[in-house]
Amino acid sequence: MFHLHRSLQYYLYPLPVDMRKSFYTLSGIVTLFMNQDIREGGVFIFINRRQNIMKILHMEYAGLVIYHKKLDSGRFKLPTYDDNTLSLSMHWNDLMMMVESVKLRKGKLKKRS
């Protein structure tokens, strides 16, 4: 069941993240770099360098949950932020704008064989 909603606090980690990372490594980024505690119920958003994969880490009733979204084409439209920021506080509407406002990439499509 999808347990994300308006009343939660959302945080974007604006630096690119290796999407092979999972629960414990992403939790380490939350603790060490974002200065947050995963157990306090915040929702933490991570994006890869190409901005086409998003992972959302959240502590729910019995443990950690990761939501993973990979775009077939385009990129997530990230909000503007200061280059020195390691944690960008967001709201539900900001997350929805990121997910729904996908920027299409310019370039040639490769033919599948």
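Before any of the text, the structure's been laid out above.
Note that the structure is a prediction, hence the values are computed from the model and not measured.

A. Fine view of the overall build of the protein. Each helix and strand counted, the protein has two helices and five strands in total. When the helices and strands of the protein are listed from N to C terminus, the series reads β-α-β-β-β-β-α. The buried share of the protein, taken over its 113 residues, is 37%. For the protein, the share of sequence-separated contacts (at least 6 apart) that also reach a separation of at least 24 residues comes to 60%. Here the protein has roughly 8,000 Å² of accessible surface; of this, 52% comes from carbon and sulfur atoms.

B. Summary view of the pattern of salt bridges. One pass over the structure, following the stated rule, counts two salt bridges. When the shortest N-O distance is used, the salt bridge between R39 and D37 registers 3.1 Å. What makes D37 partly exposed here is its relative accessible area of 25%.

C. Main features of the environment of M34. Looking at the element boundaries, M34 is found in the loop between helix 1 (23-32) and strand 2 (43-47). Residues contacting M34, with those up to four places away along its chain left out, are Y11, L12, Y13, I29, F44, F46, L86 and S87.

D. The pairing of strand 1 (residues 10-13), seen in detail. Taking every second residue as pointing to the same face, both faces of strand 1 are buried, with Y10 and L12 on one and Y11 and Y13 on the other. Examined bridge by bridge, strand 1 and strand 2 share four bridges and lie parallel to one another. Bridging across to strand 2, Y11 finds its partner in F44. Taken together, strand 1, helix 1 and strand 2 form a β-α-β motif whose crossover is right-handed. Relative to strand 5 (residues 88-90), strand 1 is paired through three bridges, and the arrangement is antiparallel. Bridge assignment links L12 to a residue of strand 5, and that residue is L88.

E. Up close: the sheet that holds strand 3 (residues 53-59). Taking strand neighbours across the sheet as the criterion, the five strands line up as 4-3-2-1-5 in an open arrangement whose pairing is mixed. Two strands in the sheet have a free side with no partner beyond their single neighbour: strand 4 (64-70) and strand 5. Taking the axes of each pair of neighbouring strands and ignoring which way they run, one obtains an average angle of 25° across the sheet. The pairing of strand 3 with strand 4 spans seven bridges and is antiparallel. Of the residues in strand 4, the one forming a bridge with I53 is K70. Running at roughly 155° to strand 3, helix 2 (residues 92-100) makes contact with strand 1, strand 2, strand 3, strand 4 and strand 5 of the sheet.

Thresholds applied
Residues numbered from 1 in each chain as written. Predicted model: local features only at pLDDT ≥ 70, side-chain atom pairs only at ≥ 80, totals over all residues. Heavy atoms only, no water. Helix = DSSP H or I, 4+ residues; strand = E, 2+ residues; numbered from the N terminus. Buried < 20%, exposed > 50% of the residue type's maximum accessible area, 1.4 Å probe, protein only. Contact = heavy atoms within 4.5 Å. Areas by Shrake-Rupley, 256 points an atom, 1.4 Å probe, with all protein chains shown as cover. Salt bridge = Lys/Arg side-chain N within 4 Å of Asp/Glu carboxyl O. Pairing = 2+ DSSP bridges. Right-handed = clockwise from strand over helix to strand, strands pointing away. Axes fitted to C-alpha atoms, helices over the stretch in contact; angles between N-to-C directions.

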